[in-house]
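# Chain and residue survey
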Amino acid sequence: MAELIERRPEGLYVPAADVYIDPWRPVEKAIITHAHSDHARPGHRAYLAHPVTAAVLRARLGAHIWVEEKDYARAFRIQGVRFSLHPAGHIPGSAQVRVEHKGEVWVVSGDYKTSADGISSPIDPQRCHVFITESTFGLPVFQWEAAPLLAERLCSWAAHQLQAGCHVVLSVYSLGKAQRITRLLNEAWIVPYVHPAVAEMSQALQQAGVPVGNFSPLSALENRGETGVILVPPAAEEAVLRRLKGPVVTAACSGWVSIRGFKRRRNLNQGFGISDHADWPGLLATIRHTEATSVRVTHGFSGPMAQYLSENGLDARPLETAFNPAEAE
Amino acid sequence: MPALWKLHSILPRPNRRTMEKFAALISQLDGTTSTQEKLDLLVRYFQSVPDRDALCALALLSGWRPRRCLNSSELRSLAAKEASLPLWLVEEAYHFTGDLAETLALLIPFPGNATPSALPTSLTEVLTTLQNLVSNPERARDFILYVWRGTRPSERFVFNKLLTGGFRIGVAQRMALQAFALSRGLDPDFVARRLGGDWNPLDMDSAFSEQDQEEADLHRPFPFCLAHPLELDDVGSLSVDTFFFEYKWDGIRGQLLRVQGRCDLWSRGGEWLNSAFPEIVEAVADLPSDGVLDGEILIWREGQIQSFQELQKRIGRKKPGPDIRRRYPAIFLAFDLLSVEGQDLRTWPLAERRRMLEEFLPARHPVLRASNLLQPASWEEALDLREKAKNYGAEGLMIKNKEAPYHGGRKRGVWWKWKVAPLTVDAVLLYAQSGHGRRAGLCTDFTFGLWHEGQLVPFAKAYSGLTDEEMEEVNRFIRHNTLEKFGPVRRVKPELVFELAFEGIHRSSRHKSGVAVRFPRILRWRHDKKAQEADGLEHLKNLALQRQPTGNSESHPQKSAGDNF
Ligand SMILES: [Zn+2]
Ligand SMILES: [Zn+2]
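Residues numbered from 1 in each chain as written. Chains lettered and ligands numbered in written order. Predicted model: local features only at pLDDT ≥ 70, side-chain atom pairs only at ≥ 80, totals over all residues. Heavy atoms only, no water.

### Describing the confidence of the model for chain B
Parts of the model with low pLDDT should not have their predicted coordinates read in detail. Residues and elements named next belong to chain B. Across chain B, the average pLDDT comes to 81, with 84% of residues at or above 70. A low-confidence stretch, residues 1-15 (pLDDT under 50), is modelled with 27 contacts involving residues beyond four sequence positions or located in other chains. Of the regions scoring below 50 in pLDDT, residues 205-214 engages in 22 contacts with residues more than four places distant in sequence or in other chains. Interface confidence for the predicted complex, expressed as ipTM, amounts to 0.92; the pTM equals 0.62. (pLDDT = per-residue confidence, 0-100. Contact = heavy atoms within 4.5 Å.)

So, in structure tokens, the structure goes:
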């Protein structure tokens, strides 16, 4: 019997509705879980997404794209198949996609996390038969320390460096992580200077009604002649470092830098394991909450995670996709 | 305990929670790449803890490994059980992070914030407890679980390092020594000699005996004279007669001291090597007079100098047994004499020192030998000597100004090293394997192939040579072009071409290709070449033929010039 969601060369596909979810090649109709670049690619004829995601998509891919907006938990039908979006807690606007057809329910998780970040709607796991889960951090070495503890550590380190006369360059993804960190810093009375790529995302989110905190453009730093905390996307870090004058310390906020090898490879002074993905316990808890008996694992450590779930009595299989968790978000 | 440290109780030091200080030190060292900052952190740490803790830390940072009370597979099982995970998943996680101590620290569920730390009070206490549990694995398990359950991951990591041994965290032994010495107002070389022997920080009685600082100074090496890479422009206009020419051997540079009858062998890196190379120390002890020799420690067998790999088999042993000594006999190949009978010769011209050296060394001594002086008649002949150096296992030539005094450090115009240009081929990337440690999660071990009868035959593995950016790019390629996976190894689409350099080629029946290369490394990525344009195995074999030693023992430099051999 045909499956409700299958993997096509273009991406995850719902044959009964003729629609794709986060496809990596251009298609007619694409439901987008969230606006990170490995999930939301250019070139589809029609997009469907949460209103916040839609706003960011227009900023990233151009105002001309056709996007249909759907709020969380509002069911809609495509060719008789029942769909709904539900919060994934990953970044503002991020959604799980619930698909129901002839009594069978599948959920595509997109990227998700289980802890609150202050700007995204908290994850709302859905009961389903088949759960397609991400596994970016699907190894048991990934366990996040409590978010307030990490926030406190980041802010006191940054404040200390500023006082010591150093610029602090924080490498963060421009969408989601940057705004989350901005708000953390604001709580310690620090207003970060942000790279234009970050500013663009913050403005798009702000217009969509997301509270993104106070920030200044990077250009303002140069005029002021004082030290500052600077948020840059990883790709722009080197260019920014080259332009800065005076002593600089660097850090990254990402789940990867909780591993020493990663911190060293990137030659960072500090790493803060602040992640927008679920850690190992978070992945397991979410899978349990869905009560799914069948799990497809994508986006990360799909092999080991699927094997572990199988050994624990689930019908679990890895599902190869073209998402690239090690690089993208 | 007898008076071990002169400065033992000068500073009042609060003895509270010093294990936490050690854990904090390790985290802080991790957070900086600046040498000065590391040194400052170390000095501050050493000053803030009691002597015994400081000694333990110094020993650990210098490579001392406490005896293990559980081996690594017992630790893995214990952690797997504690975290309720299957053992294969623990292995998988270990493979990913590349560090056992870290993997186990992260696997165990974290304690709540309110839990008081279960970390023992001092580093000494932890190490003593572990030592006492060496033959009591059941109690050891209890102790380890108790600590694991009550520590944060960063502390747990440091604790696990004590369990697994090996504190390689980017602090050079030399730096740790220097910091320790600074914190106690001692001379670093004095401390170094004490650490060089068998030394257990938990057992200070045998560690440091009363030692006069000034006397200790006498038994230290002089600052080493270092060589510059040679540019022909530097010297080409001068007559070859201005210089001494010697082969440059790949060994351990060292100074061999016999001062007031006492003998010490030091490496250039400041390591005290008396127990590693006892035959060399015994040989110099038998000499009738005092002197300080500069030279190279090498393995000598079957009438010739052996490769650095052979020497490495010996370096691994802190105290080589008779069997190892017989299989890897060491010599000291002296090329300079820096003092004799207490008289400093360093201001003398090299030619004079060389004359003194030849007088100083006994003729045809099996262990203490003088380097051979080569005598090219022209720069063309010198170039030819350099090209042939590889045939004898040498790295190239050393060229030294006959008139120059012995200069500590790297001063221009005194000594040059002239290395042989490496051999190169263009090869295709065939397999990739993920690495450990710094590049965890990335493929860093690559296997390359050359064409043979229309197929690519693997012939060399290489690890180094790419920048981080190139590494990322190659890994991107690998992720999208993996044809097959077996365990950690991926077979990739044969598409990328790299220029590989290596130091030598020899025939090998153990290799599929029939040849083995030494020190293969990636020279550059040939974006401009397609796989079809890579070199063939025949090309490599031809290179090998051109470099083949003649096999004629008369042409061996150690015999032809053989005045001292
Ligand atoms: Zn993603
Ligand atoms: Zn994402």
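### Describing the environment of A:Arg288
Positionally, A:Arg288 belongs in helix H8 (residues 280-290). Taking the C-alpha atoms as reference points, A:Arg288 and A:Arg127, 161 residues apart in sequence, are found 9.5 Å from one another. (Helix = DSSP H or I, 4+ residues; strand = E, 2+ residues; numbered from the N terminus.)

### Notes on the interface of chain B and chain A
In this assembly, 38 residues from chain B lie in contact with 30 residues from chain A. Here chain B packs against chain A, burying approximately 2,800 Å² in sum over the two surfaces, 54% of which is carbon and sulfur. Applying the counting criterion to the chain B and chain A interface returns three salt bridges. A salt bridge links B:Asp99 to A:Arg260; the shortest N-O distance between them is 3.9 Å. Between chain B and chain A we count six residue pairs in polar contact (both at pLDDT 80 or more) in total. (Buried area = accessible area lost by both parts, 1.4 Å probe. Salt bridge = Lys/Arg side-chain N within 4 Å of Asp/Glu carboxyl O. Polar contact = N/O pair within 3.5 Å; in protein donor to acceptor, adjacent residues only side chain to side chain.)

### Digging into the pattern of salt bridges
Residue and element names in this part refer to chain B. Within the structure shown, the criterion is met by 43 salt bridges over all chains. A salt bridge links Arg141 to Glu138; its shortest N-O distance comes to 3.0 Å. Note that Arg141 and Glu138 are positioned in helix H8 (residues 137-149) at a spacing of three residues, about one turn of the helix. Residue Arg141 is classed as partly exposed on the basis of its relative accessible area of 23%. A salt bridge links Glu279 to Arg314; its shortest N-O distance comes to 2.6 Å. Here Arg314 lies in helix H16 (residues 308-315) and Glu279 lies in helix H15 (residues 278-285), a separation of 35 residues in the sequence. Given a relative accessible area of 12%, Glu279 falls into the buried group. The exposure class assigned to Arg314 is buried, which follows from its relative accessible area of 0%. (Buried < 20%, exposed > 50% of the residue type's maximum accessible area, 1.4 Å probe, protein only.)

### Remarks on the sheet that holds strand S1 (residues 228-229) of chain B
All names here are of chain B. Read from one edge to the other, the open sheet built from four strands follows the order S1-S11-S10-S2, with strand pairing classed as mixed. Two strands in the sheet have a free side with no partner beyond their single neighbour: S1 and strand S2 (243-248). In terms of strand pairing, strand S10 (residues 396-401) meets strand S11 (residues 415-419) through five bridges, oriented antiparallel. Within S11, the residue paired with Lys400 across the bridge is Trp415. Contacting S2 and S10, helix H18 (residues 350-360) runs over the sheet at an angle of about 60 degrees to S2. (Pairing = 2+ DSSP bridges. Axes fitted to C-alpha atoms, helices over the stretch in contact; angles between N-to-C directions.)

### Overview of the environment of A:Ile5
Residues and elements named next belong to chain A. Residue position: Ile5 is located in the segment before strand S1 (6-8). By relative accessible area, which is 3% here, Ile5 ends up buried. For the pair Ile5 and Tyr20, spaced 15 residues apart in sequence, the C-alpha separation works out to 9.0 Å. With residues up to four places along the chain from it excluded, the contact list for Ile5 reads Leu12, Tyr13, Val14, Ile21, Val99, Trp106, Val108 and Ile132.

### Quick notes on unusual backbone geometry
Residue and element names in this part refer to chain A. Here the phi dihedral of Ala73 falls at roughly 65 degrees; this positive angle occurs in a residue that is not glycine. Here Ala73 shows up in the loop between strand S6 (67-69) and strand S7 (76-78). Non-glycine residue Glu291 carries a positive phi angle of around 60 degrees. Structurally, Glu291 can be placed in the loop between H8 and strand S18 (294-300). On the basis of relative accessible area, Glu291 is assigned to the partly exposed category, the value being 48%.

### Digging into the sheet that holds strand S10 (residues 104-108) of chain A
Strand-to-strand pairing in sheets goes through backbone hydrogen bonds, with the strands running parallel or antiparallel. Residues and elements named next belong to chain A. Here we have seven strands laid out as an open sheet, ordered S7-S8-S9-S10-S11-S18-S19, and mixed in their pairing. Every other strand in the sheet has two partners, leaving S7 and strand S19 (315-318) as the edge strands with one partner each. Across the sheet, the mean angle separating the axes of adjacent strands is 25 degrees when strand polarity is ignored. The pairing of S7 with strand S8 (residues 81-87) spans three bridges and is antiparallel. Within S8, the position partnered with Ile78 by the bridge is Val81. In this fold H8 packs onto strand S11 (130-135) and S18, with an angle of close to 170 degrees to the strand it touches most, S11.

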